[in-house]
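# What the coordinates show
Chain residues, written in single-letter form:
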Amino acid sequence: MTRHFLSLADWTGEELGGILDLAADLKNKQQQGEPHPLLAGKTLGMLFEKSSTRTRVSFEVGLTQLGGHAIFLSPRDTQIGRGEPIKDTARVLSRYVDAVMVRTFAQETVEELANWSTIPIINGLTDLLHPCQLMADLLTVKERFGKVEGLKAAWVGDGNNMANSWINAAAAFGFKLALACPGGYNPDEKILEDARNSGADILLTEDPREAVESADVVTTDVWASMGQEEEQAKREADFQGFMVDEGLMNLSAEHSIFLHCLPAHRGEEVSEGVLEGPHSVVWDQAENRLHAQKAILATLLT
């Protein structure tokens, strides 16, 4: 049976931990200059309906380092952009490439691709979830603390795809999660309910100070994600008090780290002082997209 990477909830904590261990091993091999062509001859199709810097470069470079080849496909480059049914594209690409990574709007799109494909489908981002980013985040956390389990993570801001994926991660790894979201911007109700029913320790509040108190990890994202630009002014008003600044970070644990999936809007969701300050590990986090995604690819294709 073909295994896909659509949501962290589809994988056990043990399986995800194995991917993190592999990512750390592959990162060490790269840093030591040791070749690791685990996917020699493999080809990844990359479907982008949303533009990207980190996702495109990390997947393309990652598969090259693994000995394979990636093909970039935008809506202008495929018949999807001209109305071809997703199920047709899925069946055709299954005959050409070894896996497909898709960065799109609806979660239903990646699920339909997976339903009709005979090759692994990887969710590079949807409006609902961003599982590949979370694997990079967790790799960064593990590098800093030696573990993920038992820590406290605080999410401050929109209950978006990143927040939903942090919820899935908390359920899988058993760390405490506190989410501070303005009224009307809560994470997905079903994802939160399923995680809590599985035993996850998750607090949802409208008070960023309550969420960040004694946290080991503090993380946020832009207030208006791709496709929400017309809501920018309203969101700026609704999110007043939700900037992660030095005062808020001072409430976290002394050893805490700050994460941001980037791009960052300095002076909105995060202050310049925090983003460039001693708690920030956002550049390590960005690099770890490369290593985490190489591990995901290797796990799916070997």
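Up top is the structure these notes are about.
Conventions and cut-offs
- Residues numbered from 1 in each chain as written.
- Predicted model: local features only at pLDDT ≥ 70, side-chain atom pairs only at ≥ 80, totals over all residues.
- Heavy atoms only, no water.
- Pairing = 2+ DSSP bridges.
- Helix = DSSP H or I, 4+ residues; strand = E, 2+ residues; numbered from the N terminus.
- Axes fitted to C-alpha atoms, helices over the stretch in contact; angles between N-to-C directions.
- Contact = heavy atoms within 4.5 Å.

## Looking at the sheet that holds strand S8 (residues 217-220)
The five strands are arranged S7-S6-S5-S8-S9 in an open sheet whose pairing can be described as parallel. Both edges of this open sheet fall to strand S7 (202-205) and strand S9 (257-260), since each of them pairs with a single strand only. Here the strands of the sheet are splayed against their neighbours by 20° on average, with no regard to which way each runs. Sheet topology places strand S5 (residues 152-156) next to S8; four bridges connect them, and they run parallel. Looking across to S8, one finds that Trp 155 is bridged to Thr 219. Relative to the sheet, helix H5 (residues 131-145) contacts S8 and S9, its axis offset from that of S9 by approximately 165°.

## Brief notes about the sheet that holds strand S1 (residues 43-48)
Strands sit in the order S2-S1-S3-S4 across an open sheet of four strands; the sheet is parallel. Single-partner strands in this sheet number two, and they are strand S2 (69-73) and strand S4 (121-125). Mean inter-strand twist for the sheet, computed between neighbouring axes without regard to direction, equals 20°. The pairing of S1 with S2 spans five bridges and is parallel. Note that in S2 the partner of Thr 43 across the bridge is His 69.

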